[in-house]
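Okay, here's what each chain looks like letter by letter:
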Amino acid sequence: MTEALPVGSEAMMQRDRASASLGMIVHRNEPGHSVVSMVVRDDMLNGFDVTHGGFVFALADTAFAIACNDSHHVTLAAGADITFLKPTTSGQNLIATALLRVKSGRSGIYDVRVAVNGDAIGDDVTVAEFRGRSRTTNLPVPARNHL
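Because the structure is predicted, anything quoted here is derived from the model rather than measured. All chains use their own residue numbering, which begins from 1 and follows the written sequence. pLDDT decides what is reported in this predicted model: residues at 70 or higher carry local features, side-chain atom pairs at 80 or more are listed and counted, and totals for whole chains, interfaces and linings draw on all residues regardless. Here the side-chain values reflect all heavy atoms present in the structure, with hydrogen atoms and water set aside.

Another aspect to go through is the overall build of the chain. Only DSSP runs of H or I reaching four residues or more are called helices, and only runs of E reaching two or more are called strands; each is numbered from the N terminus. Helix and strand counts for the chain come out as three helices and six strands. Starting at the N terminus, the α and β elements of the chain follow one another as α-α-β-β-α-β-β-β-β. Relative accessible area decides the class of each residue, using a 1.4 Å probe on protein chains only: under 20% of the type maximum gives buried, over 50% gives exposed, and in between gives partly exposed. Within the chain, the proportion of its 147 residues that are buried is 36%. Within the chain, contacts between residues at least 6 apart in sequence are counted, and of these 65% link residues at least 24 apart. Residue contacts are defined here by distance: any two heavy atoms, one from each residue, within 4.5 Å place the two residues in contact.

See below:
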């Protein structure tokens, strides 16, 4: 019996060297919904000792990519924007939650909330809001695993 090859976001994440190098952890991987976390390291800080916006964007973008890749075809970002609401710094655990808002044909819109754990258990603070626009291509998910 042959083991089925992973497809969609599972196959994508097996080859995602960028997200792995940033220490991202996938907590939820469902069609249209994902949760990904990342602990901010010292080498992710800018000159003001706050998390460089590019790393916050990368976390949100990874959650977005997982939420929109659920088939045998590659879905890519057609565009995205982010609003930074509060700064974060080294040692904080960022959590990105992506949700499908609407899908029409090969196009989709996804919202991603990036939060940091608050002082109380179950309390978190929104630090950024990301909106991604996806487009499903005719490209097959690559079969090779590079990791």
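Quick look at the pattern of salt bridges now. We define a salt bridge as a side-chain nitrogen of Lys or Arg found within 4 Å of a carboxyl oxygen belonging to Asp or Glu. Applying the stated criterion across every chain, the model contains six salt bridges. With a closest N to O distance of 3.4 Å, R133 and D81 form a salt bridge. A residue pair is termed long-range when its members are at least 10 positions apart, and R133 in strand β6 (residues 124-140) and D81 in strand β3 (residues 73-84) qualify at 52 residues. Accessibility expressed as a relative area gives 34% for R133, which makes it partly exposed. You can call D81 partly exposed: its relative accessible area is 40%. Within this structure, R101, D111 and R131 form a network of salt bridges that share partners.

Located in the positive-phi region is D49, a residue other than glycine, with phi close to 65°. Take D49: it is sitting in the loop between β2 (33-39) and α3 (53-68).

Turning our attention to the nonpolar core. To form a nonpolar core, buried Ala, Val, Leu, Ile, Met, Phe, Trp, Tyr and Cys residues must be joined to one another through side-chain atoms within 4.5 Å. Counting residues in hydrophobic clusters, the biggest one holds 25 residues, and the most contacted among them are M38, L59, L94, V112 and V114. Elements with a contribution of two residues or more to this core: β2, α3, β4 (93-104), β5 (107-117) and β6. Looking at which element gives the most residues to this core, the answer is α3, with eight residues. Setting aside its immediate chain neighbours within four residues, V114 contacts V56, L59, A60, L94, I95, A96, V125, T126, V127 and A128.

This part takes up the sheet that holds β3. Paired through backbone hydrogen bonds, the strands of a sheet run either parallel or antiparallel to each other. Think of it this way: DSSP has to see at least two bridges between two strands before they count as a pair. With antiparallel pairing, six strands are arranged side by side in an open sheet as β1-β2-β4-β5-β6-β3. The sheet terminates laterally at β1 (25-30) and β3, the two strands that pair on one side only. Here the average twist between neighbouring strands, direction ignored, is 20°. Pairing analysis gives ten bridges linking β4 to β5, with the strands arranged antiparallel. Across the sheet, K103 pairs through a bridge with G108, a residue of β5. Inter-axis angles, ranging from 0 to 180 degrees, are taken between N-to-C directions of lines fitted to C-alpha atoms, where helices are fitted over the stretch in contact. Lying over the sheet, α3 contacts β1, β2, β3, β4, β5 and β6, oriented at roughly 150° with respect to β2.

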